[in-house]
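What follows is the residue order along each chain.
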Amino acid sequence: MSEELKCIHCGNSCGNSPVIFEGNPFCCSGCSTVYQILNTNQLKQYYQIEPMQGIRIEDEKKPTDETYAFLDLEKFKSKILTFSEGGFSKVSFFIPEIHCASCIWLLENLNSLNPGIIQSIVNFPKKEINITFRENEISLRKLVELLVSIHYIPEINQHSIDKSSTDQSDKKLFIKIGIAAFSFMNAMIYHFPQYLPGHQFLEANIREMFGWLSVALAIPALTYSASDYFLTAYKSLKKGIISIDLPIAMGLIMLFSQSLIEIISGKGIGYIDSLTGLVFFMLIGRWYQGKTYHALSFERDYKTYFPLAVTQITETGNQTIALEDLKAGDRILVRNQEIVPADSILKSEMASIDYSFVTGESMPVAKSAGDFVFAGGRQIGNAIELTIEKEVQQSYLTQLWNQTENPFTADNKLKTIINRVSQYFTIIVVLIAIISGIFWHFNRSEIALFAFTSVLIIACPCALALTVPFTFGSTMRQFGRKGFYLKNTAVIEHLYKVDTVVFDKTGTITNAQMSDIRFIGQELSTEQLQMIKSLVFHSSHPLSKTIFNFIEADELLEVSDFQEIPSLGISGKINGIRLNIGSKYFVSGDKTENDNLKTEVWVYLDNSIIGYFQLENEYRPGLGELIQKLQKTHELHLLTGDNDAEKANLVRIFGTERNLHFNQTPTDKLGYIRELQKQGKKVLMIGDGLNDAGALNESNVGIVVADNVFNFSPACDAILQSDKFANLDKFMRFTHRSMRIVYAGFLISFLYNLVGLSFAVQGTLTPIVAAILMPISSVSVVVFASFSVSLSAKVVKF
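Residues numbered from 1 in each chain as written. Predicted model: local features only at pLDDT ≥ 70, side-chain atom pairs only at ≥ 80, totals over all residues. Heavy atoms only, no water.

This brings us to the packing of aromatic side chains. In total, this model carries 17 aromatic pairs according to the counting rule given. Taking the centre distance of 4.8 Å and the plane angle of 40° together, the rings of Phe 484 and Phe 731 count as tilted. Taken together, the residues span a long stretch of sequence, with Phe 484 in strand β16 (residues 484-486) and Phe 731 in helix α25 (residues 728-760) at a distance of 247 residues. Overall, the relative accessible area of 0% leaves Phe 731 in the buried class. (Phe/Tyr/Trp six-rings, centres within 6.5 Å; stacked < 30°, edge-to-face > 60°. Helix = DSSP H or I, 4+ residues; strand = E, 2+ residues; numbered from the N terminus. Buried < 20%, exposed > 50% of the residue type's maximum accessible area, 1.4 Å probe, protein only.)

Written out as structure tokens, the structure reads:
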């Protein structure tokens, strides 16, 4: 067979042992099964729209028959279904694998696979599918299993169940914007005659009617759409902080109060158009900065990675229970590739636990009956029985996650640059307004209120308030287009201040999927390579896969008497020759530790040990250049849970061993970050996931490097696509450009206010002129910020 033979479903190489169905080659039985399902149901058009675009599920990720049993439980169905009435139900799933026109076509024709499905619609940008179905014909569990059977695995976890609260929040903001827009447009109609020559000849009763209609429009915009500004200003004052929302709230109140006075006194219809327009534009700014990438979430906790339900072993048989119902003393069954949800005692004879989620070490740990197993470990191999020692909330991993709350994500958000500026700005403006009012009260009392109001209106810091959201919002969008996703705009300011960068190693500066591998021993013949590749083909262990991909042999030989012994190795016979591959102890019986501490996989073939594979981490492309650039402006550190096997390579990359620390536990990393902060450092922590959760939370900015941002987004401040890792310094430098744009925007705003205030304090600027100038300044600042960021992004090529 030619090595160019491609699977007609997914396009992967079929290797030398393709699965053949109706004369078509497939790389595995899974792809062949999907083809048969589609073929049987007259859905072969799937392969004509986008050839070879099918999804392939790796063996270790394939769900078992009981994986989705929890979907039969009413407590989960009620949370997952978006609608259920009269036998009809609706559900939405996030499916990261949706990637092409064929995916959309197939998923929107699910009714061809099961008549119980009435309709299915794909939202491609969100990678989301909305399905309407009849529950008496297909249950929720069967529906999910149908999607899995064609290799589209929905993401169902605690985060996806809780997503409804986020959707409700977005919907609430849209309603507020809609009300503000309605009020603004209609208020403009009522106020338009005021801006035309001869408006003074408008009949008084009509002008008064327009005024009261405008007030009616302003009330919902003021009390509902703008309620967050009043609430934030109130909360800030309670904490002794003058935030940017305070002068905005004061300005809105003064505009409304002055409008009421003019309408009641018959002098005019007020400035309701300016008021509603101001609320509308500020809400648009808030939506703009929060619009970035709905599919991403930065709020995931440990529960996201745990199953929603577990299999409990009882005297009457196995049953599925919710994770939250798990209690100390319960016996549970954990299958291959499933995560241990709580600290437990192993009851089975042996287990092989992968703690890479917790420690960063990819090598599984062997466990024997009676051993303690921490939550977060992933079983590799046969299903095991465990007895729960501590409930989920009391387990080690949960305590680690909850050790600290990031001090830079809660109340301290109020201490961003705009709020610091606004504290002084607001005090000065209010003082100027009061002094102007008092001065004119004793000189020309008829313009005292005029001057007081005009100062507050002209100096209302809307331009100031819009500078940061539009500058940082534009920056977030530019970053997102280049694979760097920020949690919120405050991250830009914190990233700008960073002076110390701490790297994790495994999966962060190293490529988690690749290793530098070489064979040490006698030179291997083609036949020996074929035998080794054939044996490791039958193992799902990460090292076996690495060796399989490393060997370029064409043909796979038949293996008999295959055995896989957890944490030790694999064994089998090929052409009557015994072949053992695994640890040094497994192959040779020698328990002595190796000196170089590198990962070794030994090979026993035909009654002799022929050598071993030595695996070293492969560093991400561009790491050396990135370190050299960052060293010029930042202090660099490395914290890793691995041993110091890579020390020589790391010293060469970092130039010194002074800040390289090995064998660090998650707690050690957390303590190290805290110690740096005690020294006054502004720390950026770059990690790869859950095992760095405490350090990521504690650092001033926590960035996760992820191969797939949709599949993996733990709690952090930002997610960086792994293939953009070498551009990290450019992203950091761009935050300095963004800050310069913010300062320029502030300067424009202050100059505008300075000129306007000079007229307002003299009582020569009417409130209506001030209200007209106010939105003009806001628009000019918004245009300046957006254009400047866009231009800068073109100059700096990420």
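That was the structure; now back to the text.
This brings us to the pairing of strand β11 (residues 350-354). For β11, the buried fraction is high: 4 of the 5 residues fall into the buried class. By the bridge criterion, 4 bridges tie β11 to strand β12 (residues 365-368) in an arrangement that is antiparallel. Each residue of the ladder has a partner; that of Met 350, found in β12, is Ser 368. Pairing of β11 with strand β14 (residues 378-379), which is carried by 2 bridges, proceeds in the antiparallel orientation. Counted as the bridge partner of Asp 354 is Arg 378 from β14. (Pairing = 2+ DSSP bridges.)

A word on helix α22 (residues 647-654). Within α22, burial applies to Asn 649, Leu 650, Ile 653 and Phe 654. All buried residues of α22 lie within an arc of 120° about the axis, which places them on one face of the element. For α22, the exposed residues set more than 90 degrees away from the buried face come down to Ala 648 and Arg 652. (Arc of directions from axis to C-beta.)

On to the nonpolar core. Among the nonpolar cores identified, the biggest contains 49 residues, and Val 91, Phe 93, Leu 110, Ile 131 and Ile 156 are the most heavily contacted of them. Of all the secondary-structure elements, those providing two or more residues to this core are α1 (29-40), α2 (46-49), α3 (74-80), β4 (88-94), α4 (101-107), β5 (117-123), β6 (128-134) and α5 (140-149). Those residues in contact with Leu 110, other than ones at most four positions away along the chain, are Ile 117, Ser 120, Ile 129, Ile 131, Leu 147 and Ile 150. By size, the runner-up hydrophobic cluster in this structure holds 44 residues, among which are Leu 684, Val 705, Val 742 and Ala 793. (Core = buried A, V, L, I, M, F, W, Y, C linked by side-chain atoms within 4.5 Å. Contact = heavy atoms within 4.5 Å.)

Glancing now at the pattern of salt bridges. Opposite charge on two side chains lets them pair, provided their charged atoms get close. Using the criterion set out here, one finds 14 salt bridges in the structure. In this structure, the salt-bridge partner of Glu 698 is Arg 674, at a minimum N-O distance of 3.7 Å. You can see Glu 698 sitting in helix α24 (residues 693-698) and its partner Arg 674 sitting in helix α23 (residues 666-678), a full 24 residues away along the chain. On the basis of relative accessible area, Glu 698 is assigned to the buried category, the value being 8%. One network of salt bridges, in which partners are shared, links Asp 72, Arg 141, Lys 142 and Glu 145. (Salt bridge = Lys/Arg side-chain N within 4 Å of Asp/Glu carboxyl O.)

Turning next to the environment of Glu 385. With respect to the helices and strands, the residue Glu 385 is situated in strand β15 (residues 384-388). The spacing of Glu 385 and Arg 331 is 54 residues in sequence and 6.9 Å in space, taken between C-alpha atoms. Not counting residues up to four positions away in its chain, the partners in contact with Glu 385 are Ile 313, Arg 331, Ile 332, Ile 345, Leu 346, Lys 347 and Ser 348.

Next up on the list: the packing of helix α17 (residues 490-497) against α25. Geometrically, a packed helix pair is captured by the angle between its two axes and the distance between the axes. Two numbers describe how α17 lies on α25: the axes approach to 9 Å, and their chain directions differ by 110°. Classified by the angle between their axes, α17 and α25 sit roughly perpendicular to one another. Seen from above, α17 lies across α25 with left-handed handedness. Along the contact surface, α17 presents Ile 492, Leu 495 and Tyr 496, while α25 presents Met 732, Thr 735, His 736, Ser 738 and Met 739. Partitioning the contact of α17 with α25 into residue classes produces 5 nonpolar, 3 polar and no charged. (Axes fitted to C-alpha atoms, helices over the stretch in contact; angles between N-to-C directions. Parallel < 35°, antiparallel > 145°, perpendicular 65-115°, else oblique. Left-handed = near helix turned anticlockwise from the far one by under 90°. Nonpolar A, V, L, I, M, F, W, Y, C, P; charged D, E, K, R; others polar.)

Moving on to the sheet that holds β11. One open sheet holds the 3 strands; their spatial order is β12-β11-β14, and the pairing between them is antiparallel. Pairing within the sheet leaves two strands with one partner each, and these edge strands are β12 and β14.

Residue pairs spaced three or four apart in an α-helix point in one direction, given the helix's 3.6 residues per turn. Relative to the 18 Å expected for 13 residues at 1.5 Å per residue, α23 spans 19 Å between its end C-alpha atoms, a close match to the ideal helical length. Residues Pro 666, Lys 669, Leu 670, Tyr 672, Ile 673, Leu 676 and Gln 677 constitute the buried set of α23. What you see down the axis of α23 is that its buried residues fit within an arc of 160°, all on one side. Positive phi shows up at Gly 680, right after α23, with a value of about 90°. (Expected span 1.5 Å × (residues − 1).)

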